[in-house]
Amino acid sequence: MLVENKIVVITGAGSGLGASLAKKYSELGACVVLLGRTKEKLMRTAKALKNTNFIYEVDVSVNEEVEKVFEAINKEIGDIDILINNAGVGSFDFVEDIDEKSIHDMIDINLKGTIFCTQAVLKQMKMRNHGYIINIISKSGKRPKMHESVYCASKFGMRGFAETLAIELEDTPIRVTNVYMGN
């Protein structure tokens, strides 16, 4: 897929895989839009990019924030060609030892964040009859793993959402790719 001059939005772009994806898409000539909760991390990623880029602070688990940020992107930059749902968190322990905040974070960021961001771009992509959604899931979304009960639950949920989304969009030119990264 040619990405030169395309607008690519990456959630969780402040570090790790999100930052690496941003660098690669920038090298390929895309206009990269970095989304994340920490402005400093996003700025650090942005400094390493070769091509045009923008940063937006957002908590993907808060639908209101997601809607505002995606509206701003459409208005200030243009229509989104590629969405990469990469934001994710994990807390690993026996289920009885995982605190409530960690449980909420994993479900809210990993699963609900993916849903909210997808909803925010889908209508526009359907109107344009063009778009690509990439979901970074995890092998933990395919098989259970010790000390990852809640993380696996969030990733199994992501998998169900993403695979169903692909079916819903199979008769359109909008494509969905689900990536199951190694643990």
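The structure reproduced in this document is the subject of the present report.

**Remarks on the nonpolar core**
Consideration 1: Ranked by size, the top nonpolar core spans 27 residues in total, and within it Val9, Leu35, Phe70, Ile73, Ile80 and Ile133 carry the most contacts.
Consideration 2: Every element with two or more residues in this core is listed here: β1 (7-11), β2 (31-36), α3 (63-76) and α4 (100-128).
Consideration 3: Examining the composition of this core, we find that six residues originate from one element, α4, more than from any other.
Consideration 4: Ignoring sequence-local partners within four residues, the contact set of Ile133 consists of Leu83, Asn85, Thr118, Val121, Leu122, Met125, Leu165, Arg175, Val176 and Thr177.
Consideration 5: Ala13, Ala30, Leu42 and Leu49 belong to the second largest nonpolar core, which has 18 residues in total.

**What to know about the packing of α4 against helix α5 (residues 149-168)**
Consideration 1: Contact pair α4 / α5: the axes reach a minimum separation of 7 Å and the direction vectors enclose 15°. Between α4 and α5, the angle falls in the class roughly parallel. Every pair of crossing elements has a handedness; the one defined by α4 and α5 is right-handed. For the pair α4 and α5, contact is made by Ile103, Met106, Ile107, Asn110, Leu111, Thr114, Ile115, Thr118 and Leu122 and by Val150, Tyr151, Ser154, Lys155, Gly157, Met158, Phe161 and Leu165, respectively.
Consideration 2: Considering only residue class, the contact of α4 with α5 consists of eleven nonpolar, five polar and one charged.

**A closer look at the sheet that holds strand β6 (residues 175-179)**
Consideration 1: On the basis of which strands lie adjacent, the open sheet formed by six strands has the order β3-β2-β1-β4-β5-β6 and parallel pairing. The open sheet has two edge strands with one neighbour each: β3 (53-57) and β6. Going across the sheet, the axis of each strand differs from the next one's by a mean of 15°, ignoring polarity.
Consideration 2: As paired elements, β1 and β2 share five bridges and run parallel to each other. Its bridge partner being in β2, Thr11 is matched across the sheet by Leu35.

**Quick look at the packing of α3 against α4**
Consideration 1: Following both chains from N to C, one finds α3 and α4 inclined at 35°, their axes separated by 9 Å at the closest point. Crossing angle aside, the handedness with which α3 passes α4 is right-handed. Seen from α3, the contacting residues are Asn63, Val66, Phe70 and Asn74; seen from α4, they are Phe116, Cys117, Ala120, Val121 and Gln124.
Consideration 2: Partitioning the contact of α3 with α4 into residue classes produces six nonpolar, three polar and no charged.

**Quick word on the pairing of β3**
Consideration 1: In this structure, β2 lies alongside β3, joined through five bridges in parallel fashion. Bridge pairing in β3 places Leu35 opposite Tyr56.
Consideration 2: One crossover worth recording links β2 to the parallel β3 by way of helix α2 (residues 39-47), and it is right-handed.

**Focus on the environment of Leu169**
Consideration 1: Position of Leu169 among the secondary structure elements: in the loop between α5 and β6.
Consideration 2: By relative accessible area, Leu169 is classed as buried at 2%.
Consideration 3: A C-alpha to C-alpha distance of 27 Å links Leu169 and Val89, two positions 80 residues apart in sequence.

**Details of the state of the cysteines**
Consideration 1: Within this structure, the stated rule accounts for zero disulfides.
Consideration 2: Cysteine Cys31 shares no disulfide, and the gap to the nearest cysteine sulfur, in Cys117, comes to 17 Å.
Consideration 3: Taking relative accessible area as the criterion, Cys117 reaches 1% and is therefore assigned buried.

About the criteria used
- Residues numbered from 1 in each chain as written.
- Predicted model: local features only at pLDDT ≥ 70, side-chain atom pairs only at ≥ 80, totals over all residues.
- Heavy atoms only, no water.
- Core = buried A, V, L, I, M, F, W, Y, C linked by side-chain atoms within 4.5 Å.
- Buried < 20%, exposed > 50% of the residue type's maximum accessible area, 1.4 Å probe, protein only.
- Helix = DSSP H or I, 4+ residues; strand = E, 2+ residues; numbered from the N terminus.
- Contact = heavy atoms within 4.5 Å.
- Axes fitted to C-alpha atoms, helices over the stretch in contact; angles between N-to-C directions.
- Parallel < 35°, antiparallel > 145°, perpendicular 65-115°, else oblique.
- Left-handed = near helix turned anticlockwise from the far one by under 90°.
- Nonpolar A, V, L, I, M, F, W, Y, C, P; charged D, E, K, R; others polar.
- Pairing = 2+ DSSP bridges.
- Right-handed = clockwise from strand over helix to strand, strands pointing away.
- Disulfide = S-S within 2.5 Å.

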